[in-house]
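# Fold and contact review
Each chain, written out:
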Amino acid sequence: MLEFTWKVFSNTGNIDTYLLFKELEKENHEIPGEQDDELAEFDFPIS
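## Some points on the overall build of the protein chain
The helix and strand inventory of the protein chain stands at 2 helices and 0 strands. Counting only residues that meet the buried cut, the protein chain has 9% of its 47 residues in that class. Element-wise, carbon and sulfur atoms account for 57% of the exposed surface of the protein chain, whose accessible area totals about 4,300 Å².

See below:
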C-alpha cells in the first residue's frame, strides 16, 4: 500500500496523497513494536 501511495503522489504531486502516505508509513512503523509486545506476553505470561 505504501508503494502504491508513493507512486500516486510522485505522479500527481497531490499533497493529500503525500499526507496519506506519511500516515500509513507511521502506522506501519508502530505495528511491529506492538506485535513484539504481544509475542513477549505469550513467551512469559504475567502471573
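## A word on the side chain of Thr-17
Relative to the helices and strands, Thr-17 resides in helix 2 (residues 15-43). Here Thr-17 is in contact with Thr-5, Val-8 and Phe-9, once residues within four sequence places are set aside.

## Focus: the packing of aromatic side chains
Think of a pair of aromatic rings as described by two things: how far the centres are apart, and how the planes are tilted against each other in angle. Taken as a whole and judged by the stated rule, the model has 4 aromatic pairs. Of the aromatic side chains, those joined through ring pairs into one cluster are Trp-6, Phe-9, Tyr-18 and Phe-21.

## Topic: the pattern of salt bridges
Considering all chains together, one arrives at 2 salt bridges under this definition. The salt bridge involving Glu-3 is made with Lys-7; its shortest N-O contact spans 3.4 Å. Here Glu-3 and its partner Lys-7 are both found in helix 1 (residues 2-12), 4 residues apart, which amounts to about one turn of the helix. Accessibility expressed as a relative area gives 57% for Glu-3, which makes it exposed. Assessed through its relative accessible area of 48%, Lys-7 is described here as partly exposed. With a closest N to O distance of 2.8 Å, Glu-25 and Lys-22 form a salt bridge. A residue pair is termed a helical-turn pair when its members lie 3 or 4 positions apart in one helix, as Glu-25 and Lys-22 do in helix 2 at 3 residues.

Criteria and cut-off values
- Residues numbered from 1 in each chain as written.
- Predicted model: local features only at pLDDT ≥ 70, side-chain atom pairs only at ≥ 80, totals over all residues.
- Heavy atoms only, no water.
- Helix = DSSP H or I, 4+ residues; strand = E, 2+ residues; numbered from the N terminus.
- Buried < 20%, exposed > 50% of the residue type's maximum accessible area, 1.4 Å probe, protein only.
- Areas by Shrake-Rupley, 256 points an atom, 1.4 Å probe, with all protein chains shown as cover.
- Contact = heavy atoms within 4.5 Å.
- Phe/Tyr/Trp six-rings, centres within 6.5 Å; stacked < 30°, edge-to-face > 60°.
- Salt bridge = Lys/Arg side-chain N within 4 Å of Asp/Glu carboxyl O.

Everything listed here is a matter of coordinates, which is why it stays silent on function.
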